Amino acid sequence: MAIIFPYVTSEFTAYEGDKIVTVLSLAVRLIDDFTEEETIGNVKVTIKEGDIKAFKNLSGYYLFKDMNPGNYDVAVGSDFYFLE
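A closer look at the overall build of the chain
A count of helical and extended segments in the chain gives zero helices and six strands. Counting from the amino terminus, helix and strand elements in the chain follow one another as β-β-β-β-β-β. Looking at the 84 residues of the chain, the share that counts as buried comes to 15%. Within the chain, contacts between residues separated by at least 24 positions form 59% of all contacts whose residues are at least 6 apart in sequence. Working note: accessible area of the chain is about 7,800 Å², and carbon and sulfur atoms make up 55% of it.

Next comes the structure, spelled out in structure tokens:
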């Protein structure tokens, strides 16, 4: 016998083994001074200490997660922008 419709419920129980916890450490949003809009092109945002790379979320923020407390230098590189 096959079940055509699986059992559906509005309840959800998360067990300790199923939880994944990450901590947002730093969020960076880059804005072009000329257009006053989000940057374009292949932008690379990293932390110099340890060469930690950020990932970009759908809102346009570059995120670093699970970093140890401390002072860090953020480096930004791109094909379409010059370094100051």
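Read on for the rest.
Brief notes about the packing of aromatic side chains
Counted under the stated rule, the structure contains zero aromatic pairs. Above the plane of the ring of Tyr-61 lies Arg-29, whose end atom (NZ or CZ) is 5.4 Å from the centre.

What about the sheet that holds strand E3 (residues 52-53)?
Taken in spatial order, the three strands of this open sheet run E3-E2-E6, and their pairing is antiparallel. Edge positions in the sheet fall to E3 and strand E6 (74-78), since each of these pairs with one other strand and no more. Here two bridges tie strand E2 (residues 43-47) to E3, and the two strands are oriented antiparallel to one another. Note that in E3 the partner of Ile-47 across the bridge is Ile-52.

As for the nonpolar core
In this structure, Val-28, Leu-30, Val-43, Val-45, Ile-47, Tyr-62, Phe-64 and Met-67 together form the largest nonpolar core, which totals eight residues. Every element with two or more residues in this core is listed here: E2 and strand E5 (62-65). Here this core takes three residues from E2, the largest share from any one element.

The rules behind the values
Residues numbered from 1 in each chain as written. Predicted model: local features only at pLDDT ≥ 70, side-chain atom pairs only at ≥ 80, totals over all residues. Heavy atoms only, no water. Helix = DSSP H or I, 4+ residues; strand = E, 2+ residues; numbered from the N terminus. Buried < 20%, exposed > 50% of the residue type's maximum accessible area, 1.4 Å probe, protein only. Contact = heavy atoms within 4.5 Å. Areas by Shrake-Rupley, 256 points an atom, 1.4 Å probe, with all protein chains shown as cover. Phe/Tyr/Trp six-rings, centres within 6.5 Å; stacked < 30°, edge-to-face > 60°. Lys NZ or Arg CZ within 6 Å of the ring centre and 35° of its normal. Pairing = 2+ DSSP bridges. Core = buried A, V, L, I, M, F, W, Y, C linked by side-chain atoms within 4.5 Å.

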